[in-house]
Structure formats: C-alpha cells, structure tokens
Amino acid sequence: MADERTIRALEEKVAELRRLVEEEGVDLQEELALLEERLQKLQREYYQSLSDWDRVRLARHPERPRGLKLVSQVCDAFYELRGDRMGGDDLALRGGLARLGGQPVGVLFHHRGSTPEEQRACRSGMALPCGYRKAVRIMRVVERLRLPLLTFIDTPGAYPGVQAEEENIAGAIADCIATMLELAVPTVAVILGEGGSGGAIALAAADRVLMLENATYTVISPEGAAAILWKDAAAAPQAAQALGLSAPRLLELGVADEVIPEPLGGAHVDPEGTAQAVREAVLRHLGELQQLPLDERLKLRYSRYRNAGNLGTKAKTG
Amino acid sequence: MPIRKDSKDRYVEVELRRGEEPLWMRCGACGELVFRRRLRENNYICPRCGAYFFLTAQERIAALVDPDTFQELTLPLESDDPLKFSDRKPYADRLREARESTELSDAVVVGRGKIGGHEVVLAVMDFRFIGGSMGVVVGEQLAHAMEQAAEARIPFVLVVASGGARVQEGVLSLLQMAKTVAARGRLARAGVPYIAVLTYPSTGGVMASIASLADVTLAEQGALIGFAGPRVIQQTTGERLPPGFQRARYALEHGLVDGVVSREGLREELIQVLDVLSGVPHGG
Ligand SMILES: [Zn+2]
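Values in this document were obtained by computation on a predicted structure and should not be read as measured data.

Digging into the environment of L20(A)
All names here are of chain A.
Link 1 in the chain: Considering the arrangement of structural elements, one finds L20 in helix α1 (residues 4-24).
Link 2 in the chain: As for L20 and L100, which are separated by 80 residues in sequence, their C-alpha atoms are 43 Å apart.
Link 3 in the chain: The contact partners of L20, leaving out residues within four places of it in the chain, are G25 and V26.

This is the structure we're talking about:
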C-alpha cells in the first residue's frame with residue numbers, strides 16, 4: 001500500500017537519478033524510466049484514496065498556493081483596498097478591485113502569510129472584526145460599481161481573542177453574511193484551503209460555491225470536534241471523516257457546486273496550474289450567473305440558503 | 001464602571017430533568033438544596049444566593065407570555081442525522097435521548113402569543129437539547145418563525161440559549177447561519193421588528209448569525225455572550241480573560257447589547273419595547 005514516506009523517498013531517488021542522467025551524462029535512462037513509472041503508480045494509488053484527514057493536511061500544507069499570491073495569479077490585475085474606515089485594518093482578510101477575463105471584479109480573500117513574520121502579522125489567516133467590517137465595506141463598493149464579487153476562502157476560523165470579542169467579532173461575521181446574501185451583483189466563492197466555520201461562511205454565502213479538490217469546509221476543526229466529542233485530541237482523523245468536510249462529500253451534499261481538480265500530490269505541486277484551473281472555473285460560473293436576470297439570480301440565491309440543510313430533516317416520527 | 005462578579009452573574013447548570021421531577025434541586029452555585037416548588041415560584045432563581053437555573057423553553061414561554069395566549073407553531077420535524085454521524089456515541093442515540101428527556105423534537109419551540117397584549121411570534125431555544133445547538137431543524141424552525149412573523153406583520157421575539165452550531169450535522173449546521181440570516185432579511189424588508197433576548201449561553205455560530213441581527217437586543221443578567229469560548233481563546237492566544245468577560249454586563253459595557261435585564265424584569269422590559277413599537281410595522 002502506498003504511503004507518503006515511500007513516495008517521498010522514491011521522489012528523492014528519481015530526482016537524484018535524473019540529475020545524474022542530465023548533468024553527468026550517466027547512462028541510467030532505463031532505470032530512471034522504470035523508477036518514474038513506479039513513482040507515478042504509487043502517487044496515483046495514494047492520492048486517489050486520500051482519507052479526509054489526508055485532505056485536511058493537504059489543505060494546510062505550508063507550500064499550498066494561497067492568499068495574495070494565488071489571487072494575483074488568478075486575476076489579471078489586483079488593486080488592494082485597505083481599512084474598515086472605523087479605525088482598523090486587517091492583514092488576514094484582504095480585498096480590493098481586480099480584472100478577470102477582461103472585466104473588472106471585486107475580490108475578498110483570506111491571507112495566511114508565508115514567512116513567520118508575515119504569519120504573525122496576519123495571525124495565519126484568522127481575521128479580526130475590522131477584517132469582516134472591511135469586507136462589508138468592500139462589498140458595498142463593488143455593489144455600487146456593479147462589479148461581480150469573488151471571494152477566496154482559506155482560514156482556520158475567525159480570531160478567538162479578548163479584543164476581537166469586545167469588538168463584536170460575532171456581529172461582524174453576521175453582518176458580513178447578511179450583506180453578502182443581499183448583494184445585487186453575482187457572487188462566486190472559492191474555498192482554496194481551509195474553510196473554517198464562521199470565519200469562512202462569512203465570505204461563502206455566494207451564488208456559487210466552488211472547492212479545490214483538497215480544500216475542506218467545516219463547522220469546527222477536526223481537532224476541536226475531537227476534543228469536544230471524543231474527549232481525545234488523537235481522534236482528529238476520525239473526526240475529520242465524521243464531519244464530512246471534504247470537497248467530494250460536500251459536492252454530494254449540494255453544499256459545493258463544483259470540485260476543481262488538483263494535480264496528483266496536491267495544489268502545491270503545480271501552483272500555476274492550480275491558479276489556471278481556479279480562474280477557468282470562476283470565469284465559467286461567473287459567465288453563467290451574468291446570463292441570469294437580476295430577480296432570478298436573487299431568487300435562486302435566496303432559495304439556496306432558505307432551503308439549506310432541508311435534506312437533513314424528516315417528518316416527526318413520535 | 002468596573003465589573004463586579006457576584007452570584008447574580010452566575011448560571012447554574014442543572015442536570016437534565018428527566019422522568020419524574022425531583023422534589024429538591026441543588027443550587028450549583030451555593031450548594032443549597034431548594035424545594036422545587038419554591039424554585040419554580042421564584043422563576044428558577046436560587047432563593048439563597050440569587051443564581052439563575054436554566055429555564056426550559058416551556059418555562060421561559062410561561063414566564064413571558066400572557067396566560068393562555070400561546071399557540072405552538074413548531075413544525076413537526078426532526079433531524080434525519082444527515083451525516084450518519086458517530087463519535088463515541090452515535091448521534092442518532094443522542095437525538096433519541098434528547099427527545100425523550102426534553103419531550104421536544106429539537107432545541108427550539110416556536111409559537112404565537114401575546115406579551116402585555118401585543119401579538120408576537122416567539123421562538124425559544126432550549127439548552128437541554130444538545131446544548132441548544134443549531135442544526136438543520138433549529139434553522140428551519142427559526143426561518144419558518146420569521147416567515148410567520150413577516151406574513152402576520154407582528155414582531156418576532158427570539159430567546160437564545162445556544163452554544164452554537166451543531167457539530168454532528170457538519171457544514172449543514174454551518175449553513176443554518178446563512179439560512180436564518182436570509183430569513184431575517186425578509187423580515188427586515190417587511191419592516192417587522194425583531195427583538196432578541198440573549199441568555200446563558202449565546203455563543204458560537206448562533207451568535208455569529210441570527211442572534212446578532214436584532215433591532216433590539218436584550219441580555220438576561222448573567223448571560224454568556226460571545227463568539228469563541230473562553231477555553232478556545234486561552235488555548236489559541238494565551239490571553240488572560242478579564243473578570244466578567246463575555247457576561248451580560250460586560251457585553252453592555254462594550255456596546256454589544258441594548259440592556260441587561262433581570263429574569264424577574266424581562267417580561268416587563270419586553271412589554272416596554274413592544275409598547276414603544278406599537279403600530280410597527282406600519283399598517284400592521
Ligand atoms: Zn444558590
């Protein structure tokens with residue numbers, strides 16, 4: 001059975017062999033071809049049978065394409081807007097104006113940072129009340145200018161801190177959901193990495209919700225669920241499975257509209273290809289939405305959320 | 001104003017009351033054994049130390065509405081356990097036990113009644129039912145309640161007692177945040193007043209959606225109001241929590257609610273609000 005360590009070891013061996021062949025002209029072509037074939041077979045086996053916990057780890061992979069860099073690759077131009085105009089700005093939830101496929105759009109996205117300093121500055125993508133207030137402000141701007149809104153979600157959750165509570169993080173998230181639900185413009189949300197609870201749905205109440213193949217979307221982190229329900233932090237992998245947080249499962253449940261495939265091994269193997277795939281999917285859904293008359297689009301959005309989860313109810317038995 | 005911690009700022013967690021009601025109940029704050037009838041007559045407030053016991057939805061409704069005016073509108077729905085969720089115990093078993101011990105179909109009771117002569121649609125959450133958590137049934141009941149209020153053009157009153165979204169229904173619970181907010185949008189467009197009463201606890205996904213969007217927001221004394229739980233905050237940030245953190249008075253001082261009300265005064269306070277708003281929505 002394929003496992004991550006065997007694959008890593010084989011990858012290293014292949015790289016070394018290739019270097020020998022290409023740089024030093026050693027005649028090992030046949031061995032290289034054999035090894036490469038074996039590696040691909042193992043990768044296919046492994047990545048086609050990923051557990052939900054494997055996906056959680058891929059969604060959190062340190063090299064996963066995300067944040068400002070990915071959004072800049074998906075869009076043709078990005079001009080950042082800063083500040084909530086009420087005394088704050090947040091580096092964990094960012095946004096602004098961009099161009100995509102020749103048209104102007106509004107974008108909002110979580111930013112987790114790549115260097116340790118940057119990660120500290122944006123709390124690894126856990127947004128503050130001022131971040132959600134800025135998001136509401138930017139939603140108003142794009143609605144005024146009649147631009148479609150794209151959101152890119154990748155957050156462990158909203159920031160759990162004393163000051164965030166005092167500044168009404170709950171109300172800021174609620175306002176974000178309420179504003180997004182009522183926007184007159186088309187909205188497309190893409191869950192790129194972690195879609196962590198309230199902090200994620202604040203940007204996900206969209207006309208269309210797309211997920212990268214190894215992205216997750218969940219009411220609580222698997223670790224949180226493990227601690228509360230299993231009373232055992234080590235149960236996180238079981239919790240991940242039970243929570244139904246994977247993109248394929250959420251497609252089945254009708255929560256996601258499309259799963260955007262990732263290369264074998266995960267999005268970090270090919271960041272540019274990932275950006276292209278996201279761009280293509282977003283443009284396609286945006287195109288469909290822009291064909292719809294305003295009332296119909298709003299009616300569809302309302303009924304999508306008004307009926308959300310009804311498949312999980314049944315007539316009372318007792 | 002400094003925040004004092006006193007017994008009135010405490011809620012007492014009582015065991016789920018099931019089967020035959022015990023004659024005596026022990027106050028979790030001061031340890032006093034209180035005769036149950038005395039406790040009921042005292043609005044489930046400990047006569048010795050003033051701590052609040054949890055109220056069931058039925059007790060809360062009885063304490064708020066004019067006698068004999070409540071007409072239940074709770075839809076005959078229950079959870080179908082959409083994820084077939086199981087942790088150390090199957091969710092289906094937890095649901096069955098909660099239904100049996102509370103005699104409720106899920107964590108909210110909805111109905112129409114009068115408060116001080118004012119017609120309202122009232123939704124009251126019940127903490128005994130899996131922590132008052134909001135899953136697909138609670139979300140549907142709340143959305144339905146708001147639609148009833150919008151249609152009848154009478155104010156909507158929500159009494160919150162919920163730890164947040166229901167973990168066992170996964171993202172479908174998370175989506176109830178959007179669902180209830182969508183329904184509240186319709187209520188708002190109809191110009192129908194929405195009054196929220198936050199009790200212990202009003203936290204997590206419920207607070208980050210429907211419970212934060214009222215026109216008038218009251219907190220019952222001692223209520224716990226916030227998004228993240230104290231333990232999560234400490235674990236993630238290592239911050240020390242200030243005294244009275246996330247309690248009703250703390251919420252008032254940080255601008256999160258319009259008023260803090262004692263349990264005995266809650267009905268009168270609601271009547272005051274409804275009096276001021278009589279004639280709203282216009283033409284209603
Ligand atoms: Zn007592």
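So, the pattern of salt bridges
Two side chains that carry opposite charge are able to pair once their charged atoms sit near each other.
Link 1 in the chain: Taken as a whole and judged by the stated rule, the model has 42 salt bridges over all chains.
Link 2 in the chain: Salt-bridge contacts for E32(B) lead to R48(B); the nearest nitrogen and oxygen are separated by 3.2 Å. Here the residue E32(B) occupies a position in the loop between β2 (24-26) and β3 (33-35), and R48(B) occupies one in the loop between α1 (36-41) and β4 (52-53), the gap between them amounting to 16 residues.
Link 3 in the chain: The class for R48(B) is exposed, based on a relative accessible area of 54%.
Link 4 in the chain: The salt bridge partner of E41(B) is R37(B), with a shortest N-O separation of 3.6 Å. Here E41(B) pairs with R37(B), and both are found in helix α1, just four residues apart, close to one helical turn. In this structure, E41(B) and R37(B) share a single accessibility class: exposed.
Link 5 in the chain: Put simply, R60(A), R66(A), R112(A), D154(A), E194(A) and E223(A) are held in one network by salt bridges that share partners.

Topic: the sheet that holds strand β5 (residues 71-72) of chain B
All names here are of chain B.
Link 1 in the chain: Taken in spatial order, the seven strands make up an open sheet running β5-β7-β8-β9-β10-β11-β12, and their pairing is mixed. In this open sheet, the two strands that pair with only one neighbour each are β5 and β12 (259-261).
Link 2 in the chain: Lying over the sheet, helix α2 (residues 57-64) contacts β5, β7 (108-115), β8 (118-125), β9 (156-162), β10 (194-202) and β11 (216-220), oriented at roughly 155° with respect to β8.

Quick look at the domain arrangement of chain A
Link 1 in the chain: When its domains are assigned, chain A resolves into domain 1 (4-41) and domain 2 (55-310).
Link 2 in the chain: Using C-alpha coordinates to define each centre, domain 1 of chain A is positioned 38 Å away from domain 2 of chain A.

Focus on the pairing of β9(B)
Remember that side chains alternate between the two faces of the sheet whenever the strand is regular.
All names here are of chain B.
Link 1 in the chain: Among the seven residues in β9, seven count as buried, and that is most of the element.
Link 2 in the chain: Covered by surrounding structure in β9 are F156, L158, V160 and S162 together with V157, V159 and A161, the residues of both alternating faces.
Link 3 in the chain: The sheet contact formed by β8 and β9 spans four bridges and is parallel. Note on β9: the bridge partner recorded for L122 is V157.
Link 4 in the chain: Between the parallel pair β8 and β9, the chain is carried across by helix α4 (residues 136-152), and the sense of this crossover is right-handed.
Link 5 in the chain: Both β9 and β10 contribute to a ladder of six bridges, which runs parallel. By the bridge assignment, V160 is partnered in β10 with L198.

Focus: the domain arrangement of chain B
Link 1 in the chain: On domain assignment, one finds that chain B holds domain 1 (1-54) and domain 2 (55-277).
Link 2 in the chain: On a C-alpha basis, the centres of domain 1 of chain B and domain 2 of chain B stand 21 Å from each other.

Cut-offs used in this document
Throughout this document, residue positions are counted from 1 along each chain, in the order its sequence is written. To label them, take the chains in the order written and letter them from A, then take the ligands in the order written and number them from 1. Side-chain atom pairs in this predicted model are given and counted only at pLDDT of 80 or more, local residue features only at pLDDT of at least 70, and totals for whole chains, interfaces and linings cover all residues. Water and hydrogen atoms play no part in the side-chain values, which are based on all heavy atoms of the structure. A run of DSSP states H or I qualifies as a helix once it reaches four residues; a run of E qualifies as a strand once it reaches two. Both are numbered from the N-terminal end. Residue contacts are defined here by distance: any two heavy atoms, one from each residue, within 4.5 Å place the two residues in contact. Within this document, salt bridges are pairs made up of a side-chain nitrogen of Lys or Arg and a carboxyl oxygen of Asp or Glu, the two lying within 4 Å of each other. For every residue, the accessible area obtained with a 1.4 Å probe (protein chains only) is divided by the maximum for its type, and the residue is called buried under 20%, exposed over 50%, and partly exposed between those limits. Pairing between strands requires that DSSP locate at least two bridges from one strand to the other. Each axis is a line fitted through C-alpha atoms, taken for helices only over the stretch in contact, and angles between the N-to-C directions span 0 to 180 degrees. The split into domains, and so the bounds of each, comes from an automatic or database assignment of domains. Whether a crossover is right-handed depends on one test, that the path from the first strand over the helix to the second runs clockwise when the strands point away from the viewer.

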